[in-house]
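Tertiary structure, described
One letter stands for each residue in the lines below.
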Amino acid sequence: NEKKETEKMLLVTLSTFEELFKEAGDRAFDLLQVDAEMNIDRDEIKKLLRDNGRLFSKTVTSTTNDFIKKQVSEGLGNGESIPEIKKRIAWVFDQAESYRAERVARTETLRYNTSASEQAFIDSGIVEGKMWVTDPDPCEYCVTLAGKTAPLGGTFVSKGDVILDRAFDYDDLP
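Residues numbered from 1 in each chain as written. Predicted model: local features only at pLDDT ≥ 70, side-chain atom pairs only at ≥ 80, totals over all residues. Heavy atoms only, no water.

1. Let's talk about the overall build of the protein
Per the secondary structure count, the protein includes four helices and four strands. The globule rule puts the C-alpha radius of gyration for 174 residues at 16 Å, and the 20 Å found for the protein is more than 25% above it. Each principal axis of the C-alpha distribution contributes one length, and for the protein these read about 65 × 35 × 25 Å. Looking at the protein residue by residue over its 174 residues, the buried ones come to 28%. Partitioning the intrachain contacts of the protein with sequence separation of at least 6 by distance along the chain shows that 59% fall at a separation of at least 24. When the accessible area of the protein is evaluated, it comes to approximately 11,400 Å², of which 54% is carbon and sulfur surface. Within the protein, one finds 24 positive and 33 negative side-chain charges whose respective centroids are separated by 7 Å. (Helix = DSSP H or I, 4+ residues; strand = E, 2+ residues; numbered from the N terminus. Rg over C-alpha atoms; globule rule 2.2 N^0.38 Å. Buried < 20%, exposed > 50% of the residue type's maximum accessible area, 1.4 Å probe, protein only. Contact = heavy atoms within 4.5 Å. Areas by Shrake-Rupley, 256 points an atom, 1.4 Å probe, with all protein chains shown as cover. Lys, Arg positive; Asp, Glu negative; His and termini not counted. Charge placed at Lys NZ, Arg CZ, Asp CG, Glu CD.)

2. Regarding the packing of helix H1 (residues 2-32) against helix H3 (residues 82-124)
Each pair of packed helices can be described by the angle between their axes along with the distance between the axes. Put simply, H1 and H3 touch, their axes get as near as 7 Å, and they point 45° apart. Relative to H3, the element H1 is oriented oblique. With respect to the hand of their crossing, H1 and H3 are arranged in right-handed fashion. From H1, Phe-17, Leu-20, Phe-21, Ala-24, Gly-25, Arg-27, Ala-28, Phe-29 and Leu-32 reach across to H3, where they touch Glu-108, Thr-109, Tyr-112, Asn-113, Ser-115, Ala-116, Ser-117, Gln-119, Ala-120, Phe-121, Asp-123 and Ser-124. Class assignment of the residues belonging to the contact of H1 with H3 gives a composition of 11 nonpolar, seven polar and three charged. (Axes fitted to C-alpha atoms, helices over the stretch in contact; angles between N-to-C directions. Parallel < 35°, antiparallel > 145°, perpendicular 65-115°, else oblique. Left-handed = near helix turned anticlockwise from the far one by under 90°. Nonpolar A, V, L, I, M, F, W, Y, C, P; charged D, E, K, R; others polar.)

3. What about the pattern of salt bridges?
For the structure on display, the rule yields 14 salt bridges. Between Arg-42 and Glu-44 there is a salt bridge, with the nearest N and O atoms lying 3.7 Å from each other. With relative accessibility at 46%, the residue Glu-44 sits in the partly exposed group. Arg-111 is the partner of Glu-108 in a salt bridge, and the nearest nitrogen-oxygen pair spans 3.3 Å. Of this pair, Glu-108 and Arg-111 both sit in helix H3, separated by three residues, roughly a single helical turn. (Salt bridge = Lys/Arg side-chain N within 4 Å of Asp/Glu carboxyl O.)

4. Looking at the environment of Ile-40
Its place among the elements puts Ile-40 in the loop between H1 and helix H2 (43-77). Each C-alpha atom of the pair Ile-40 and Ala-146 lies 30 Å from the other, and the pair is 106 residues apart in sequence. In this structure Ile-40 touches Glu-18, Phe-21, Lys-22, Ile-45 and Lys-46, once residues within four positions along its chain are discounted.

This is how it looks when you write it as structure tokens:
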């Protein structure tokens, strides 16, 4: 039951996402030299964390299920035995522990760090907007956004926008 699995994952991960958000917000206040702490006990923050956590949980659950279905289907289509199909399924989880785990850690840490920093900027009353800044060796997508500005609370890329023939279909890119 994908819905139940999504809710279970949300329950397991939400406290971690709350901690990430609070820590990142507190660091942003320190950077601004504002004597404040990130208050995550606000309705809009709780909703943001729950919505982001639910999207994350649903996507991870759905992706894992799709990978498993594909491996079982291909294995059956090739006439493979149960032990061979078992190896295919184990491969899905091996990928989750290596490649996917690193990708998820990087993406979600950045998502919560960025959201919390922006909320701290809004709460401070000091920062008026934001600009896309890249690392020294940016990807081709980030290069196209370099220097672009947006208001606090605004997005650089909206869900469905296309950059360099790639549609951003997961979520807005704030």
